[in-house]
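Coordinates in review
Here are the chains, one letter per residue:
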Amino acid sequence: MLGVLPSGLNLLYPPVCQLCHARRAEAPAGFVCGQCWRQVRFIRPPFCHRCGLPFAGEFTTNFVCTNCHDLELHFSSARSAVVAKGVVREAIHRFKYSGAVWFENFLVGLLLREAAPALLASEPWDGLVPVPLHPVKLREREFNQAARLAAPLARATKIPLQENILRREHSTGTQTALTRTERAANMKHAFAVRPGTRLAGQRLVLVDDVFTTGATTNACAAALRAAGAKEVAVWTVARGL
Ligand SMILES: [Zn+2]
Ligand SMILES: [Zn+2]
């Protein structure tokens, strides 16, 4: 097993679940045990066909939800693998803000399981574009979680990773205290396509860890569309409800 993982995570960490700390779990599973894994809620229909918001109940036709029907969306659809609650929320939070890199395999596994077959069924896609971090934040955090998630998805689907076409123009700070309208205004000019990038006619997939209001991914999609992209879809590991 150690030969499979060049990072040698199993040498560094005991094989214990890093969520419940009670059961055995190893590096390939992202140090998440089977029991914690079974608490993950995968997103299944029915969900809004634009923003991906899941609903309880029976819907047999495509529908647009009250969350997004009055929003100007620049992406064609947003989909997420799982609900951002419980074990998933904790793993993402610690992965992003506390350097808990051992959760990467867990989060990548969730994304690949749902996004890879869906993307392969709706080919052709010209590129996977991770939502960029501002350079200052990137230096603080030392990695862009969206890029860490997009890279294995690119390998699994053979869709090229286009890591450097978007850049974050200014740091927006933490958005958690803002309303949806404030977030959207804050984000409007946060992203730009690098000069000289040609996207005419391309179909691109934005990748991020969590989709909450959609303000971030919508601003990225707007920048890509303005640079000529024909379609932008969104995939994230988790969906905030
Ligand atoms: Zn556990
Ligand atoms: Zn919606």
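Described in the following lines is the structure provided in the data block. (Residues numbered from 1 in each chain as written. Chains lettered and ligands numbered in written order. Predicted model: local features only at pLDDT ≥ 70, side-chain atom pairs only at ≥ 80, totals over all residues. Heavy atoms only, no water.)

This part takes up the coordination of the zinc ion (ligand 1). All of the protein donors around the zinc ion (ligand 1) are C17 (SG), C20 (SG), C33 (SG) and C36 (SG); their distances to the metal are 2.3 Å. What the 4 donor atoms of the zinc ion (ligand 1) show is an angle range of 104 to 114° at the metal, which sorts the shape as tetrahedral. When the donors of the zinc ion (ligand 1) are listed by position in the chain, the intervening gaps give C-x2-C-x12-C-x2-C. Linking C20 in the loop between α1 (9-12) and α2 (34-37) with C33 in the loop between α1 and α2, this pair joins segments that are 13 residues apart in sequence. Here C20 falls in the partly exposed class, since its relative accessible area comes to 25%. Residue C33 is classed as buried on the basis of its relative accessible area of 2%. (Donors = N, O, S within 2.8 Å, 3.2 Å for Na, K, Ca; no water. Tetrahedral: all angles 85-135°; square planar, octahedral: opposite > 155°, others 65-115°. Helix = DSSP H or I, 4+ residues; strand = E, 2+ residues; numbered from the N terminus. Buried < 20%, exposed > 50% of the residue type's maximum accessible area, 1.4 Å probe, protein only.)

Time to look at the coordination of the zinc ion (ligand 2). Taken together, the protein ligands of the zinc ion (ligand 2) are C48 (SG), C51 (SG), C65 (SG) and C68 (SG), with distances of 2.3 to 2.4 Å. Taken together, the 4 donor atoms coordinating the zinc ion (ligand 2) and their angles of 101 to 116° define a geometry best described as tetrahedral. What makes C48 buried here is its relative accessible area of 0%. A residue is classified by how much of its surface remains accessible, and C51, at 2% relative accessible area, is buried.

All right, on to the packing of aromatic side chains then. Following the criterion strictly, the structure yields 4 aromatic pairs and no others. Here W37 and F42 contribute two aromatic rings whose centre-to-centre distance is 5.6 Å and whose plane-to-plane angle is 50°, an arrangement assigned as tilted. By relative accessible area, which is 29% here, W37 ends up partly exposed. Judged by its relative accessible area of 18%, F42 falls in the buried class. Ring centres of F95 and F143 lie 5.2 Å apart, and the angle between their planes is 50°; on these two criteria the pair is classed as tilted. With a gap of 48 residues between them, F95 in helix α3 (residues 86-97) and F143 in the loop between α5 (135-141) and α6 (145-157) connect regions that are remote in the sequence. Accessibility expressed as a relative area gives 1% for F95, which makes it buried. Residue classification places F143 among the buried positions, given a relative accessible area of 11%. (Phe/Tyr/Trp six-rings, centres within 6.5 Å; stacked < 30°, edge-to-face > 60°.)

This part covers the packing of helix α7 (residues 180-187) against helix α8 (residues 215-226). Interaxial distance between α7 and α8 falls to 9 Å at its minimum, and their mutual angle equals 35°. In this structure, α7 crosses over α8, and the sense of that crossing is right-handed. Of α8, the residues touching α7 (which contributes R183, A184 and M187) are A215, T216 and A219. Class assignment of the residues belonging to the contact of α7 with α8 gives a composition of 4 nonpolar, 1 polar and 1 charged. (Axes fitted to C-alpha atoms, helices over the stretch in contact; angles between N-to-C directions. Left-handed = near helix turned anticlockwise from the far one by under 90°. Contact = heavy atoms within 4.5 Å. Nonpolar A, V, L, I, M, F, W, Y, C, P; charged D, E, K, R; others polar.)

What follows covers the pairing of strand β6 (residues 231-239). With 8 of 9 residues buried, β6 lies mostly within the body of the structure. Relative to β6, strand β1 (residues 77-83) runs parallel, the two sharing 6 bridges. In the sheet register, V83 faces β6, and the bridge partner there is R239. Pairing geometry for strand β5 (residues 203-211) and β6, over 8 bridges, is parallel. (Pairing = 2+ DSSP bridges.)

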